[in-house]
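Survey of secondary and tertiary structure
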Amino acid sequence: MAIKIDNIALVGNPNSGKSTVFNQLTGLNQHVGNYPGVTVDKKEGICKLTKHTKIKVTDLPGTYSLYPRSKDEAVVKDLLQNPQHPDYPDLIVVVADSSNLERNLLLFTQIYDLKVPTILALNMTDLSEKKGIQINYEKLSEMFGNLPVLPMNGRKGEGIQALKDAIAGYQAPEKHYPFVETQALATANDATPEVPPTVFTNATESGFSTATQDQTEETRQRFEKIRQMLRFVIDKKTTTKTAAKFTQKTDQVVTHPIAGYVLFLGILLIIFQAIYALAEIPMNLIDQVFLSLSQWTKSVLPSGSFTNLIAEGVIPGIGGVVIFVPQIVLLFTFIVILEETGYMARIVFIMDRLMRPFGLSGKSVVPMISSVACAIPAVMATRTIDNWKDRMITILVTPLMSCSARLPVYTLLIALVVPDKLLWGVFNLKGLVLLGLYVLGLVMALTVAFIMRIIIKTNSRSFLVLELPSYKLPRWRNITITLWEKTRLFVWEAGKIILAISIILWVLASYGPGNRIASAVEAIDKPATTDKKMLDSYEKKVSAAKLENSYIGIMGKTIEPVISPLGYDWKIGIALITSFAAREVFVGSMATIYSVGADFESDKSLIDRLRAEKHANGKPVYSLATGLSLMVFYAFAMQCLSTLAIVRRETKSWKWPLIQLVYMTGLAYISALLVYQLF
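Residues numbered from 1 in each chain as written. Predicted model: local features only at pLDDT ≥ 70, side-chain atom pairs only at ≥ 80, totals over all residues. Heavy atoms only, no water.

What to know about the overall build of the chain
- If you tally the helices and strands in the chain, you get 27 helices and eleven strands.
- Across the 679 residues in the chain, those meeting the buried criterion constitute 53%.
- Residue pairs in contact within the chain that sit at least 24 positions apart in sequence constitute 74% of those at least 6 positions apart.
- Summing over all exposed atoms, the chain offers an accessible surface of approximately 31100 Å²; the carbon and sulfur share of this is 61%. (Helix = DSSP H or I, 4+ residues; strand = E, 2+ residues; numbered from the N terminus. Buried < 20%, exposed > 50% of the residue type's maximum accessible area, 1.4 Å probe, protein only. Contact = heavy atoms within 4.5 Å. Areas by Shrake-Rupley, 256 points an atom, 1.4 Å probe, with all protein chains shown as cover.)

Printed below as a string of structure tokens:
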């Protein structure tokens, strides 16, 4: 019997290639959100089945079973149990690793027993073939009432069209044979305290047990029947096991207690060296493009406030975001490649040894590594940590890891104060400083975690259970799609904030109370000469007087006594205030502050204008001491309202985000003070 398919859901174990299949089906037509009431990622996309048919595809979080042990798994269970759920699928595609069918079929048989229209997509056929595993797909299909069973290799796109055809022409099986002749699935009431217990279906219809003991017994029965079935479905041939031997030999080095750390540090060194070496040319090009655009705007549009707003506020603000896209893209590229190849799982494994003495769970490694990209999804990723103490400590220290929002700040400051030279003829000093800032964040996160372990008391212990996937060559299609999504989100989310703040900042920097600006300008003697140098000096004094007596200048002057021990003047104070919303706003704010009243005909980039900034005593504002102090301040300061909001949602209390804000701000101030006084 044919059924109408408008939306499908992809379900599968972690590391089954489900996200790769999702990318193949949807391409760039996808977006990420959250499920109502929880902070679990919700990935949706549009798949074009035929010329005139499109369907919605939802990529559900990876799960091993419909008995939830985390928020991710609870989302899958809650969605599949409720036909009234807005995302309830017309059809489920279970993506299974064909090289590890026994484990993957547990989830499939649970879904099959729900009597929901289902297709079984046996992915990673290349790996199963390397292992000498031959699967009788027709026999497997017959055992489940001729339910569609499709071989595929999602990484290479093989079988994707067959999957689309199967979805478009799906016929519900005429008969359903229950896989386990016992009771069906129910919610594990004692599994996860944060997940409200609900009955799966009517007990007389499915009667799935809610007791852990019964769940264990039912799972045992399923595995027993799966093993019996696979004897008739799988034929294992003798192979050389080359791939397995390669993985084992490689892991002897990659996961070695000493060599593993050395290799990881070497990879980080290469990444940060490459970020500087490869991003320099496109960044300079983008900088010149926005500088020329400001010049062109000033020359074409009639002079006035609107033109100044566009040329001095909007364009420099947007440029402050776009200029760092090359570095963001490079950073994300390396992270995605590490994930695609299977090396990221090894990083988690070896870092577990380092985390344990500091009171963190091995599961804390995933959020902390994720925070290198962004602290928001990293905090959300802590939902997989079962132990309450481990989870709270991880949430509290994760924002100390340097995220991509800090990268623009680091890059600007390093370009200002760190010499462009090579150490030992190989290593770029700027790249080493950048790596040092990331290491500094990790060291401080571990230090704070150690202190929190003493303060927060609990008797429970946690363990790391991790599956190490086989090594794979990265697929550039998957990398491209992931990069596009992450970069688009960064530019769009950061761009909206920076653009809004740039406009507000320009207004506050261009106007002041009463006639304060006019009086300050009148007090400056205008030279009665046509000498260009003297006129330029006069214009600079006028611009400085206007900014200093504007609303934002008054704010900066107000906090200057507090920040002057750190080596900061009132202009830096303005950027500190505005970047509280988001760290990357610092660069846009500096671009706007130093563009207000600027002479764009001078062809000076932002870095040139910052280098030319002097104190009243003639010393440069951005000295090595000031630059390093700012780097350390931004490495530790909690300047991200979005992260605080996510911490509030995760902990369901304002207590923890306030503690986070206070301790990170205090840590940033004291550390920056020590660095400035030291240098």
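Okay, back to it.
Describing helix 12 (residues 343–355)
- Between its first and last C-alpha atoms helix 12 spans 18 Å; for 13 residues at 1.5 Å apiece the expected length is 18 Å, and the two agree.
- With ten of its 13 residues buried, helix 12 lies for the most part within the structure.
- Considered for burial, the residues of helix 12 that qualify are Y343, M344, A345, R346, I347, V348, I350, M351, D352 and M355. (Expected span 1.5 Å × (residues − 1).)

Here's the deal with the packing of aromatic side chains
- Throughout the structure, instances matching the rule amount to seven aromatic pairs.
- Taken together, a centroid distance of 4.9 Å and an interplanar angle of 80 degrees make the contact between F108 and F144 edge-to-face. You can see F108 sitting in helix 3 (residues 101–112) and its partner F144 sitting in the loop between helix 5 (137–143) and strand 8 (149–151), a full 36 residues away along the chain. Of the two residues, F108 and F144, neither departs from the other in class, the shared state being buried. (Phe/Tyr/Trp six-rings, centres within 6.5 Å; stacked < 30°, edge-to-face > 60°.)

Quick notes on the pattern of salt bridges
- Here the structure, examined in full by the defined rule, presents twelve salt bridges.
- A salt bridge links D6 to K4; the nearest nitrogen and oxygen atoms lie 3.4 Å apart.
- Note that E560 and K557 form a salt bridge whose closest N and O atoms lie 3.8 Å from each other. With a gap of three residues between them, E560 and K557 both fall in helix 21 (residues 551–563), about one helical turn apart.
- Look at K557 and you get partly exposed, because its relative accessible area is 32%.
- One network of salt bridges, with partners in common, ties together E44, K56 and D87. (Salt bridge = Lys/Arg side-chain N within 4 Å of Asp/Glu carboxyl O.)

Observations concerning the nonpolar core
- Of all hydrophobic cores here, the largest spans 105 residues; its most connected members are L400, Y568, F586, Y622 and L630.
- Take this core: its biggest share by element is eleven residues, from helix 17 (residues 429–455).
- Formed by 34 residues, the second largest nonpolar core is a distinct cluster that contains V76, L101, L107 and L114. (Core = buried A, V, L, I, M, F, W, Y, C linked by side-chain atoms within 4.5 Å.)

Digging into the packing of helix 17 against helix 25 (residues 624–636)
- With their axes 10 Å apart at the nearest point, helix 17 and helix 25 run at an angle of 40 degrees to one another. In terms of axis orientation, helix 17 runs oblique to helix 25. The way helix 17 lies across helix 25 gives a crossing that is right-handed. From helix 17, V433, L437, L440 and M444 reach across to helix 25, where they touch M631, V632 and F636.
- Partitioned by chemical class, the residues of the contact of helix 17 with helix 25 number seven nonpolar, no polar and no charged. (Axes fitted to C-alpha atoms, helices over the stretch in contact; angles between N-to-C directions. Parallel < 35°, antiparallel > 145°, perpendicular 65-115°, else oblique. Left-handed = near helix turned anticlockwise from the far one by under 90°. Nonpolar A, V, L, I, M, F, W, Y, C, P; charged D, E, K, R; others polar.)

Details of a nonpolar patch on the surface
- A surface patch of nonpolar side chains, amounting to about 500 Å² of accessible area, comprises L293, W296, V300, L301 and F306.
- Examining the composition of the nonpolar patch, we find that three residues originate from one element, helix 9 (residues 259–300), more than from any other.
- Residue L301 is classed as partly exposed on the basis of its relative accessible area of 31%. (Patch = residues over 30% accessible without salt bridge, like charges linked within 9 Å, V, L, I, M, F, W, Y side chains within 5 Å.)

Notes on the confidence of the model for the chain
- Scored by pLDDT, the chain comes out at a mean of 79, with 85% of its residues at no less than 70.
- A low-confidence stretch, residues 35–39 stays under pLDDT 50, and its non-local contacts, those more than four residues away or across chains, total 17 contacts.
- Ignoring residues within four places in sequence, the model shows residues 184–210, a span with pLDDT below 50, making 62 contacts including any to other chains. (pLDDT = per-residue confidence, 0-100.)

Describing the side chain of D97
- Position of D97 among the secondary structure elements: in strand 5 (residues 91–97).
- Buried and without a salt bridge, D97 has R103 as its closest oppositely charged side chain, separated by 4.7 Å. (Lys, Arg positive; Asp, Glu negative; His and termini not counted.)

Concerning the pairing of strand 6 (residues 118–123)
- By the criterion of burial, strand 6 is predominantly enclosed, with six of the six residues buried.
- Burial of the side chains of strand 6 extends over both faces: T118, L120 and L122 are buried on one face and I119, A121 and N123 on the other.
- With helix 3 bridging strand 5 and its parallel neighbour strand 6, the resulting β-α-β unit is right-handed.
- Across three bridges, strand 6 lies against strand 8 in parallel orientation. Each residue of the ladder has a partner; that of L122, found in strand 8, is P151. (Right-handed = clockwise from strand over helix to strand, strands pointing away. Pairing = 2+ DSSP bridges.)

Digging into the environment of T58
- Counting through the fold element by element, T58 comes out in strand 4 (residues 53–59).
- Looking at T58, the relative accessible area reads 2%, which means it is buried.
- Between the C-alpha atom of T58 and that of F22, which follows or precedes it by 36 residues, the distance is 8.1 Å.

Topic: the packing of helix 21 against helix 22 (residues 570–578)
- Running from N to C, helix 21 and helix 22 cross one another at 100 degrees; their axes reach a closest spacing of 7 Å. Compared by their axis directions, helix 21 and helix 22 come out roughly perpendicular. Between helix 21 and helix 22, the residues in contact are I552, G553, M555, G556, K557, I559, E560 and I563 and W570, G573, I574, L576 and I577, respectively.
- The residue inventory of the contact of helix 21 with helix 22, partitioned by class, reads eight nonpolar, three polar and two charged.

Description of unusual backbone geometry
- Not every positive phi belongs to a glycine, and K115 is a case in point at roughly 65 degrees.
- Topologically, K115 is positioned in the loop between helix 3 and strand 6.
- At N146, a position not held by glycine, the phi torsion is positive, near 60 degrees.
- Inspection of the secondary structure assignment puts N146 in the loop between helix 5 and strand 8.

Details of the side chain of T118
- The residue T118 is located in strand 6 in this model.
- A polar side-chain atom of T118 sits 2.6 Å from the main-chain carbonyl oxygen of V116.
- Other than its neighbours up to four places away in sequence, T118 contacts L91, I92, V94, F108, I111, L147, P148 and Y170. (Polar contact = N/O pair within 3.5 Å; in protein donor to acceptor, adjacent residues only side chain to side chain.)

Notes on the environment of H615
- Within the secondary structure, H615 is located in the loop between helix 24 (606–611) and helix 25.
- H615 gets classed as partly exposed once you look at its relative accessible area, which sits at 31%.
- Counting along the chain gives 46 residues from H615 to D569, while the straight-line C-alpha distance between them is 8.6 Å.
- Those residues in contact with H615, other than ones at most four positions away along the chain, are D569, P620 and V621.

Side note on helix 16 (residues 406–417)
- For helix 16, with twelve residues, the first-to-last C-alpha span of 17 Å sits near the 16 Å given by 1.5 Å per residue.
- The element helix 16 is extensively covered by neighbouring structure, given that twelve of its twelve residues are classed as buried.
- Among all positions in helix 16, only R406, L407, P408, V409, Y410, T411, L412, L413, I414, A415, L416 and V417 are buried.

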